[in-house]
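Secondary and tertiary structure notes
Next come the chains, spelled out residue by residue.
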Amino acid sequence: MKSAIIILDKENDLQMAFKPLLDRTVIEWATTTLNDAEVNEVRVVIKDCDKKIKGAMVTSTLYEAIKSLDSSNTDTVVIDGLYPFIEKNTYYKMFEANNTRLKGTHIIKLNIKDIINIKDISFEEVDVGKKELKTLNTYLELYETAKELRHEINLRHLMNGVNIIDLDHTYIGKDVIIEDNATIYPDVNLEGKTVIGKNTLISSGCYIVDSKIGNDTKILSSRVTDSVIKNEVTLGPNSHLRMNTVIEDKVRIGNFVEFKNTTFGYKSRSAHLTYLGDSTVGDDVNIGCGVITVNYDGAHKFHTEIGDHAFIGSNASLIAPIKVGHDAVVAAGSTVYEDVEDTDMAIARAYQVNKQGRGYSYINKEK
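Conventions we followed
- Positions within a chain are numbered from 1, following the residues in the order the chain's sequence is written.
- For this predicted model, a pLDDT threshold of at least 70 governs which residues receive local features, and a threshold of 80 or more governs which side-chain atom pairs are given and counted, while totals over whole chains, interfaces and linings are taken from all residues.
- With hydrogens and water excluded, all non-hydrogen atoms of the structure serve as input to the side-chain values.
- Side-chain rings of Phe, Tyr and Trp, where Trp is taken by its six-membered ring, are said to pair if the distance between their centres is within 6.5 Å; with planes under 30 degrees apart they count as stacked, over 60 as edge-to-face, and otherwise as tilted.
- Numbering of helices and strands runs from the N terminus, with a helix taken as a DSSP run of H or I at least four residues long and a strand as a DSSP run of E at least two residues long.
- Accessibility here uses a 1.4 Å probe with only protein chains present; expressed as a share of the type maximum, an area under 20% marks a residue as buried, one over 50% as exposed, and anything in between as partly exposed.
- Think of it as a cone above the ring: NZ of Lys or CZ of Arg counts as a charge over the ring if it is within 6 Å of the ring centre and within 35 degrees of the ring normal.
- An arc is given here, and it is the one of the directions from the helix axis to the C-beta atoms.
- By definition in these notes, contact holds between two residues if any of their heavy atoms fall within 4.5 Å.
- Axis definition: a line fitted to C-alpha atoms, limited for helices to the stretch in contact. Angles are taken between N-to-C directions and run from 0 to 180 degrees.
- Angular relationships are summarised with four words: roughly parallel below 35 degrees, roughly antiparallel beyond 145, roughly perpendicular across 65 to 115, and oblique for the angles in between.
- By the definition used in this description, the sense in which the near helix is turned from the far one sets the handedness, with an anticlockwise turn below a right angle giving left-handed and a clockwise turn giving right-handed.
- Basically, the charged four are Asp, Glu, Lys and Arg, the nonpolar ten are Ala, Val, Leu, Ile, Met, Phe, Trp, Tyr, Cys and Pro, and anything else, Gly included, counts as polar.
- A pocket, in this scheme, is an open set of points on a 1 Å grid over the protein atoms alone with protein on both sides within 12 Å along at least 5 of 7 lines, while a cavity is a set where a 1.4 Å probe fits but cannot get out; residues line either one if an atom lies within 4 Å of a point.
- Grid points are joined across faces, edges and corners, and a volume is the space filled by probe spheres set on the points.
- In this scheme, strands are said to pair when DSSP sees at least two bridges between them.
- Multiplying 1.5 Å by the helix residue count minus one yields the expected span of that helix.
- The term polar contact refers here to a pair of N or O atoms within 3.5 Å; inside protein, the definition further demands a hydrogen-donor-capable atom paired with an acceptor-capable atom, and it admits residues adjacent in sequence only when both atoms are side-chain atoms.

Some thoughts on the packing of aromatic side chains
Counted according to the given criterion, the structure contains 2 aromatic pairs. With 6.1 Å between their ring centres and 65° between their planes, Trp29 and Phe85 make a pair best called edge-to-face. Of the two residues, Trp29 sits in helix H2 (residues 26-36) while Phe85 sits in the loop between strand S6 (75-80) and helix H4 (88-96), which places them 56 residues apart along the sequence. Pair check on accessibility: Trp29 and Phe85 agree, each one buried. For the pair Phe259 and Phe264, a centre-to-centre distance of 4.9 Å together with 45° between the ring planes defines the contact as tilted. Classification of Phe259 as buried rests on a relative accessible area of 0%. Residue Phe264 is classed as buried on the basis of its relative accessible area of 0%. Across the ring face of Trp29, the terminal group of Arg24 is positioned such that the distance to the ring centre comes to 5.1 Å. Positioned over the ring face of Phe18 is Lys51, at 4.6 Å from the centre of the ring.

Structure follows, in structure tokens:
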């Protein structure tokens, strides 16, 4: 079992630690690399800090950091300062020997029980490149580093068969995977553990985080987070998928559509102006313009289920929990609060009344 402690007590380190650098903060470049190197417990020592750091626990003192570690984590790397670019293979090398130090630094690996007697310990020095020991001291250095990293990442994808239209205005995170013949337009942000499939097109204005996009799909100026979009899907423009949404093959989702925690079935369609939250939608379903699932009562979220081949008319409200059966129809303008059985049609709207001549008199009333 392995652990690490990062000590941030210098003013400049504290100033830079939480600044964004591509798709994560500067300190998270260090903590996520430690996680990738199979360091199962990472502690960051920052006095009087209430911020959260991905892949690490924040403590106020070194004593708290040590006490919080699992007793089985005998091998610990202690990093005095902000070193965001040390590579995982360097950490592997440090853990292979008994007591090690990165050459020319105060970064050491030792048995945590020996930290009090550190002056009496001899260390085996591990060579490391200057690039790994780079620190960030000014905003100009932060800007230049972000530019270098962005170009390096984008160029790697380009050389691997990805059609990146503009290397200087495309923002791809370190861990993003993009497969052959995908096309990425300018002003796209791809972050986290995102995967983009073969022959997929991501147009300008897209923001995609921790999501998997399938093959032969088009994402047009939309936002996708923590979701899965499968093959031959068209999404957008200006749509938003979030919180564990799953889109099956050959789906069409148009403009100004939001899905949250929703599974949307094979060849189903939602062309425009829709909100589906906490829903399961079957195959070959048509969702009309202006449809919403009313899933929240102010305290709890409720589920909506729509069966295969159903048709939900425009401007319908489905008050959850509710089930609409297969081949069922909800008429346009309906507010539905009871289940609709298979093959049935639900109509829930007020009768229309026309008042002769009232339109003209209303429009021309005295101002």
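Section: H4
Regarding H4, the residues found buried are Thr90, Tyr91, Met94 and Phe95. For H4, the angular spread of buried residues about the axis comes to 135°, placing them on one side. Of the surrounding secondary structure, the elements contacted by the buried residues of H4 are strand S1 (2-7), H2, S6, strand S7 (100-102) and strand S8 (108-111).

Thoughts on the packing of H2 against H4
For the pair H2 and H4, the least separation of the axes is 9 Å and the interaxial angle reads 55°. Relative to H4, the element H2 is oriented oblique. Classified by chirality, the crossing of H4 by H2 is right-handed. Between H2 and H4, the residues in contact are Thr33, Leu34 and Asp36 and Lys88, Tyr91 and Tyr92, respectively. Classifying every residue of the contact of H2 with H4 by side-chain character gives 3 nonpolar, 1 polar and 2 charged.

Remarks on the layout of surface pockets
Summary: where empty space remains is shown by rolling a probe the size of a single water molecule over the atoms. Quantified by volume, the largest pocket comes out at close to 590 Å³. Along the wall of the largest pocket there are 20 residues; nearest its centre are Trp29, Glu87, Leu149, Glu152 and Lys174. Elements with a minimum of two residues in the lining of the largest pocket: H2, H4 and helix H5 (139-159). Top element by residues in the lining of the largest pocket is H5. It accounts for 6 residues. Taken together, the residues of the lining of the largest pocket sort by class into 6 nonpolar, 3 polar and 11 charged.

Notes on the environment of Thr61
Looking at the element boundaries, Thr61 is found in the loop between strand S5 (57-59) and helix H3 (62-68). Between the C-alpha atoms of Thr61 and Leu241, which are 180 residues apart in sequence, the distance is 41 Å.

Topic: the sheet that holds S1
With mixed pairing, 7 strands are arranged side by side in an open sheet as S5-S4-S1-S6-S8-S7-S9. In this open sheet, the two edge strands, each paired with only one partner strand, are S5 and strand S9 (124-126). For this sheet, the mean inter-axis angle between neighbouring strands, taken without regard to orientation, is 25°. In the sheet, S1 pairs with strand S4 (residues 41-45) via 5 bridges, with the strands oriented parallel. Bridge pairing links Ala4 to Val42 in S4.

Details of H5
Side chains three or four residues apart in an α-helix point the same way, a direct result of the helix having 3.6 residues per turn. Spanning 21 residues, H5 covers 30 Å between terminal C-alpha atoms, matching the ideal 30 Å at 1.5 Å per step. At its buried positions, H5 is contacted by strand S2 (20-21), H2, strand S10 (163-164), strand S11 (171-172) and strand S12 (177-178). Phi turns positive one or two residues past the end of H5, at Gly161, with a value near 100°.

Here's the deal with the side chain of Ser227
Turning to its location among the elements, Ser227 is positioned in the loop between strand S20 (223-225) and strand S21 (228-229). Classification of Ser227 by relative accessible area gives buried; the value is 3%. Separated by 2.9 Å, the side chain of Ser227 and the backbone oxygen of Thr225 make a polar contact. Residue contacts for Ser227: discarding those within four places in its chain leaves Asp210, Ser211, Lys212, Leu241, Arg242, Met243, Asn244 and Thr245.

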